[in-house]
Amino acid sequence: MRAYLASSIGVACTAALALPLALHPGPAHARAERTVAVGSTRSLPLRPLDSLDSLVGGGTDRSVAAGRGDAAVERGVTASGVRPFSLVGVVWDRPAAELRGRAQVRTRAVGGAWSPWRELLPYGDEAPDPDSPELRGARAHGGTAPLWVGASDAVEARVRPERAARADAGSDAGSDARAADAGAAALPSGLRLELIDPGEPPAPPGPDRAALRALPGHPAPTAGQPMPTAGGGAPTSGGGVPGPKPTVVGSPGPTVVGSPGRPSWGASGPSVNPSSPLTPSAKPTTPRPSVTTTPPPSALDTDADAEAATAAAARYSAPRPAIVTRAGWGADEKIRETGHVYSKTVKVAFIHHTVTGNNYACSQAPSVVRSIYRYHVKSLGWRDYGYNFTIDKCGKIYEGRSGGVTKAVRGAHTLGFNTNSMGVAVLGTFTSKKPSAKAVKAVAKLTAWKLGLFKRNPRGTTHLVSGGGNKYKKGANVKFHVIAGHRDGFATECPGKRLYKKLGSVRKTAARLQGR
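About the criteria used
- Residues numbered from 1 in each chain as written.
- Predicted model: local features only at pLDDT ≥ 70, side-chain atom pairs only at ≥ 80, totals over all residues.
- Heavy atoms only, no water.
- Axes fitted to C-alpha atoms, helices over the stretch in contact; angles between N-to-C directions.
- Helix = DSSP H or I, 4+ residues; strand = E, 2+ residues; numbered from the N terminus.
- Parallel < 35°, antiparallel > 145°, perpendicular 65-115°, else oblique.
- Left-handed = near helix turned anticlockwise from the far one by under 90°.
- Contact = heavy atoms within 4.5 Å.
- Nonpolar A, V, L, I, M, F, W, Y, C, P; charged D, E, K, R; others polar.
- Buried < 20%, exposed > 50% of the residue type's maximum accessible area, 1.4 Å probe, protein only.
- Pairing = 2+ DSSP bridges.
- Core = buried A, V, L, I, M, F, W, Y, C linked by side-chain atoms within 4.5 Å.
- pLDDT = per-residue confidence, 0-100.
- Salt bridge = Lys/Arg side-chain N within 4 Å of Asp/Glu carboxyl O.
- Polar contact = N/O pair within 3.5 Å; in protein donor to acceptor, adjacent residues only side chain to side chain.

Chemist: Any chance you could break down the packing of helix α10 (residues 437-453) against helix α12 (residues 503-513) for me, citing the residues and the numbers?
Modeler: Helices that pack against each other are described as a pair by the angle of their axes relative to one another and the distance between those axes. One can describe the packing of α10 onto α12 by two numbers: an axis separation of 8 Å at closest approach and a directional angle of 45 degrees. By the angle between their directions, the pair α10 and α12 is classed as oblique. In this structure, the crossing between α10 and α12 has a hand that is right-handed. Here α10 contributes V440, V443, A444, K445, T447 and A448 to the contact with α12, which in turn contributes S505, V506, T509, A510 and L513. The class makeup of the residues in the contact of α10 with α12 is 7 nonpolar, 3 polar and 1 charged.

Written out as structure tokens, the structure is:
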């Protein structure tokens, strides 16, 4: 018996000592951690309002309201004493339906006062491509942009339909109001207000788990120097002993020749004057379908391939900036779809603003990211977080959609141009407010590094094939700057006038960081 107990204890001790070797993070291990913040989503239906005093000043003729149907009636909701939430948005049933109306919301801070009414902006342009299963699936919904409101416990929301043209100037005030009311546009079905609680931030990791939280920056590789692993870890040393840095959380596996996980080392586009207009080419081409598989073990790099890739990347490459992993900002991996969808390469980095507002502290940024993630997945029905990367006002970079930060993960950020591109979103709204210098610098650092992996010149141009949108028809072969604004591919204000003006300096800085 003693011998048996001694043997059992020895086995247990050996297993315990071996545990640190299993801490190199992978998707399954990251999901098993109990440090993930648990959030919640609450949906409040928007119902027809009994009175439209706020619109016509004195009430609505109920016969007019009955004649035009509930779909054209202003809708709203008031709720107080609800579970605290921090982000709001309005959604509806069909993603293809257009909200021809004005959505507004005001909230009451926990233990504080009511905010003024604020607009919920359009969001149909930051979405999966029109023909993608992600947008055509049964779970997909339409919605406004989300708005960060901070910890709140009461809310009022209203959606007002667009009005038809007023009656002739000679009409009296009453008939004028009724004519405008009768011509109201129908609102989408299933309108509801989403209240998002991001949950508590993840607990700080122990020293042996710190690599699960952030990917530290790496210097740019040089000729003859091993490149970092696909997830950002250091190469293994002799005898197969892991190096000091583990691979990235969410990395689906090793980089593979000819697979969606391997950068395409084709030539970058020619340089162009950044101020020159970019127009679509006359001859459209057919987009290539993406691959939706994890790289197979049989396609691993050969030594010759690895050396060639290292030499090519070393010529024009940039240091990898520090990146907060999904585990670091507390992503709940259970709510997203399993698996990943990849493009063949990354040709364009589209720059966005999240239009979630600028009223957040840098310490709150992980909570904002968790809220947007929950809104994208649980409210809009997307497979995962839409953007590939997000940057806060203090210049901190966050991993977005899962699948590996070095890989060509297809996101849901630029309707019609998600294939062979990546989306970088800066937290905030930059229509009239200038983005911080730290955020702009982080955009340059991130794009210099990631585009360098795919042999792209940040000051160059390239072409993408449109999947359809309001600016370019499906199949159009469109010329873009390699670092482009969202508005370059879609008729939208995104990334805001003030951030868009910074893209010239971003291209210049990114090219310099690549050694060009």
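Chemist: Account for the pairing of strand β14 (residues 421-426), with residues named and values stated.
Modeler: Along any regular strand, the residues point their side chains to alternate faces of the sheet. Burial analysis of β14 places 6 of its 6 residues in the buried class, the great majority of the element. In β14, alternate side chains face the same way, and those of S421, G423 and A425 on one face and M422, V424 and V426 on the other are all buried. Taken together, the 6 bridges between strand β11 (residues 348-353) and β14 define a ladder with parallel strand orientation. Counted as the bridge partner of I351 is V424 from β14. By the bridge criterion, 3 bridges tie strand β12 (residues 389-391) to β14 in an arrangement that is parallel. Paired with T390 across the two strands is A425, which belongs to β14.

Chemist: I'd like a description of the nonpolar core, backed by residues and values.
Modeler: Among the nonpolar cores identified, the biggest contains 32 residues, and I351, F389, I391, I397, L446 and W449 are the most heavily contacted of them. Only β11, β12, β14, α10 and α12 provide two or more residues apiece to this core. Of the residues forming this core, the biggest block, 10 residues, is contributed by α10. Not counting the four nearest positions on each side in its chain, W449 is found in contact with A318, P319, R320, P321, I323, F389, V405 and T406. A331, Y360, W382 and Y398 belong to the second largest nonpolar core, which has 31 residues in total.

Chemist: I'd like a rundown of the confidence of the model for the protein, residues and numbers included.
Modeler: Segments scoring low in pLDDT should not have their predicted coordinates read at a detailed level. Residues of the protein with pLDDT of at least 70 account for 64%, and the chain-wide mean is 76. With pLDDT under 50 throughout, residues 11-35 is counted as low confidence; its partners more than four residues away or in other chains account for 27 contacts. Scored below 50 in pLDDT, residues 223-302 makes 168 contacts in the model with residues more than four places away or belonging to other chains.

Chemist: Could you give an account of the side chain of T107, with specific residues and numbers?
Modeler: When you line up the elements, T107 lands in strand β4 (residues 101-109). Among the residues examined, T107 registers a relative accessible area of 3% and is labelled buried. Setting aside its immediate chain neighbours within four residues, T107 contacts F85, A113, W114, S115, R118, V149, S152, A154 and V155.

Chemist: Describe the pairing of strand β16 (residues 477-481), with residues and values.
Modeler: Burial analysis of β16 places 4 of its 5 residues in the buried class, which makes it a mostly covered element. Here strand β15 (residues 461-465) runs beside β16; their pairing, made up of 5 bridges, is antiparallel. Of the residues in β16, the one forming a bridge with H463 is K479.

Chemist: A description of the environment of G468 should follow, citing residues and the corresponding values.
Modeler: Checked against the element boundaries, G468 lands in the loop between β15 and β16. For the pair G468 and P130, spaced 338 residues apart in the sequence, the C-alpha separation amounts to 6.7 Å. Apart from residues no more than four positions distant in its own chain, G468 is found in contact with P130, L415, G416, K473 and K474.

Chemist: Describe the pattern of salt bridges, listing the residues and the values that go with them.
Modeler: Under the definition given, this model contains 16 salt bridges. D197 is the partner of R83 in a salt bridge, and the nearest nitrogen-oxygen pair spans 3.2 Å. Of the two residues, R83 is situated in strand β3 (residues 75-92) and D197 in strand β8 (residues 192-197); the sequence distance between them amounts to 114 residues. What makes D197 buried here is its relative accessible area of 15%.

Chemist: I'd like to hear about the side chain of T429, residue by residue, with values.
Modeler: You can see T429 is positioned in the loop between β14 and α10. Look at T429 and you get buried, because its relative accessible area is 17%. Of the polar contacts made by the side chain of T429, one reaches the backbone nitrogen of G357; its length is 3.0 Å. Those residues in contact with T429, other than ones at most four positions away along the chain, are H353, V355, T356, G357 and N358.

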